[in-house]
Amino acid sequence: MSASVAAPEIGTPRTITVVSWKTPVILGIFAMLFALLPLLAPREGVSTFRLTAGHEILALPDLVLPSTGTAWVAVVLLIVLAAITVALASRRRRIPLWIVAAYIVVLLVGFLSWASAGGTLPMIGLLAGALALATPLIFGALGGVVGERAGVVNIAIEGQLLAGAFCAAIAASLTGTPWAGLVAAMVAGVLVALVLGVFAITYYVNQVIVGVVLNVLVIGLTTFLFRQVLAPNKELLNSPVPFTPLPIPLLSEIPVLGPILFRQTIVVYLMYVVVFLVWWGMYRTRWGLRLRAVGEHPQAADTVGIKVQRTRYLNLLLAGAIAGLGGAFYTLVSVPSFNREMTAGAGFIALAAVIFGKWDPLKATFAALLFGFASNLQGVLSVIGSPVPSQFMLMLPYVVTIFAVAGLVGRSRPPAADGEPYIKA
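The following refers to the structure shown. (Residues numbered from 1 in each chain as written. Predicted model: local features only at pLDDT ≥ 70, side-chain atom pairs only at ≥ 80, totals over all residues. Heavy atoms only, no water.)

1. So, the overall build of the protein chain
Thought 1: When you go through the protein chain residue by residue, the secondary structure sums to 16 helices and five strands.
Thought 2: Here the protein chain, with 425 residues, has 50% of them falling under the buried criterion.
Thought 3: By sequence separation, contacts in the protein chain at least 24 residues apart represent 75% of the contacts at least 6 residues apart.
Thought 4: For the protein chain, the exposed surface amounts to about 19800 Å²; the carbon and sulfur share of it is 70%. (Helix = DSSP H or I, 4+ residues; strand = E, 2+ residues; numbered from the N terminus. Buried < 20%, exposed > 50% of the residue type's maximum accessible area, 1.4 Å probe, protein only. Contact = heavy atoms within 4.5 Å. Areas by Shrake-Rupley, 256 points an atom, 1.4 Å probe, with all protein chains shown as cover.)

Have a look at this one:
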């Protein structure tokens with residue numbers, strides 16, 4: 001971080017420009033680290049990227065690339081993009097988001113070409129699986145965006161996801177329909193959010209502490225009930241009817257995009273709708289204006305007649321319902337049964353997506369998709385026999401999380417009143 005002060009004339013205000021070198025430094029470091037792969041461990045052969053799922057009306061041919069050559073081309077492009085960010089930072093100009101996005105794409109193509117040398121990479125399965133794995137993260141991130149835009153730090157996303165998964169399994173098992181599980185998951189998320197709201201909004205308890213305690217409470221409670229209730233009565237209480245993939249006619253036959261986006265379960269389609277509604281509502285409706293007002297300047301919102309605490313409560317409960325839907329994915333789509341701590345820290349990755357996305361619904365969604373891709377990549381590379389150690393692949397989603405939050409966010413400013421209790425004067 002550096003600052004330059006323009007020499008002002010007498011009587012004119014000084015202009016201070018703050019330049020962040022974090023993004024150029026991180027991009028340069030990763031470019032050099034990636035260059036070590038083809039340099040120290042070159043791989044012979046070609047990498048085949050399969051672009052069809054096998055049953056499209058219009059099938060695209062496979063994309064065949066030389067493994068080491070593609071990796072070196074990626075190294076050059078990464079260095080060029082890093083140099084562009086250095087030039088922009090030296091001129092005190094903002095680094096466009098498209099440069100970071102292009103850097104990520106080039107890095108992924110180069111790494112996949114090197115890792116899949118001599119093998120065939122099923123891109124449709126990789127991307128479709130990434131979307132499915134990202135679905136609970138997106139629901140959790142949207143819940144985090146709504147809650148924090150209202151001024152409440154929602155550390156309890158992990159607890160809301162886990163509670164949603166637990167209640168969805170029980171409700172779907174008892175009723176024989178996964179739709180009941182979806183409703184139960186939303187109710188569970190709302191209940192966790194209600195407890196958070198009571199302590200954080202009404203009694204002004206530190207929101208981070210309350211969120212951490214709620215996560216521990218939900219983990220302990222669901223683990224106890226799983227051992228004492230669900231495990232002994234698996235057929236009755238822990239055998240939910242899952243959602244099955246529902247291809248959309250015509251749309252599912254579009255090359256590449258069709259199998260990825262339109263051969264998913266109803267939960268994924270519901271995620272599309274929720275993402276659009278949250279984005280549209282936040283920036284195009286009175287609800288969104290009031291939501292952002294109580295998160296940025298609650299005193300000003302109060303003076304124009306907005307009931308700050310009521311608005312925060314309602315939006316926090318809405319955020320809990322959205323996060324609860326993400327929990328339902330685990331037991332109604334991913335694994336048709338509940339297992340203890342099955343969310344495995346997904347709530348904290350969703351929280352990282354909120355920060356990476358700068359508290360914007362669409363950007364947080366893209367961040368969650370990146371993390372979902374990293375999660376699915378470990379399984380796909382293991383199947384094709386990649387030389388990358390399995391231990392590294394297991395930690396890949398968390399490495400990407402740290403990389404994204406620490407290096408790519410740049411300057412990130414949360415809502416001004418985020419985490420601050422509102423005490424009416």
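Okay, back to it.
2. Some points on the pattern of salt bridges
Thought 1: Under the criterion given, the structure shown has two salt bridges.
Thought 2: Note that Asp62 and Arg50 form a salt bridge whose closest N and O atoms lie 4.0 Å from each other. Taken together, the residues Asp62 in the loop between β3 (46-50) and β4 (63-66) and Arg50 in strand β3 connect sequence positions 12 residues apart.
Thought 3: Its relative accessible area of 35% is what places Asp62 among the partly exposed residues.
Thought 4: Among the ionic pairs, Arg263 bridges to Glu253, the shortest N-O distance being 3.6 Å. Of this pair, Arg263 sits in the loop between α9 (257-261) and α10 (266-284) while Glu253 is found in the loop between α8 (234-237) and α9, placing the two residues 10 residues apart along the sequence. (Salt bridge = Lys/Arg side-chain N within 4 Å of Asp/Glu carboxyl O.)

3. Regarding the packing of aromatic side chains
Thought 1: Summed over all chains, the structure comprises eight aromatic pairs.
Thought 2: For the ring pair Phe329 and Tyr330, a centre distance of 6.3 Å and an interplane angle of 80° mean the geometry is edge-to-face.
Thought 3: In this structure Phe329 comes out as buried when scored by relative accessible area, which is 4%.
Thought 4: We classify Tyr330 as buried; its relative accessible area is 11%.
Thought 5: Counting every residue linked through ring pairs, the aromatic cluster contains Phe166, Phe226 and Phe338.
Thought 6: Over the aromatic face of Trp114 sits the side chain of Arg43, whose NZ or CZ is 5.9 Å from the ring centroid. (Phe/Tyr/Trp six-rings, centres within 6.5 Å; stacked < 30°, edge-to-face > 60°. Lys NZ or Arg CZ within 6 Å of the ring centre and 35° of its normal.)

4. Comments concerning the sheet that holds β4
Thought 1: Spatial strand order, β4-β3-β5: three strands in an open sheet with mixed pairing. Two strands lie at the open edges of the sheet, namely β4 and β5 (120-122), each paired on one side alone. Direction aside, the axes of adjacent strands within the sheet are offset by 25° on average.
Thought 2: Where β3 lies against β5, three bridges are found, and the strand directions are parallel. Its bridge partner lying in β5, Arg50 is registered against Pro122.
Thought 3: The strands that helix α3 (residues 97-115) touches are β3, β4 and β5; relative to β3, the one it contacts most, it runs at about 115°. (Pairing = 2+ DSSP bridges. Axes fitted to C-alpha atoms, helices over the stretch in contact; angles between N-to-C directions.)

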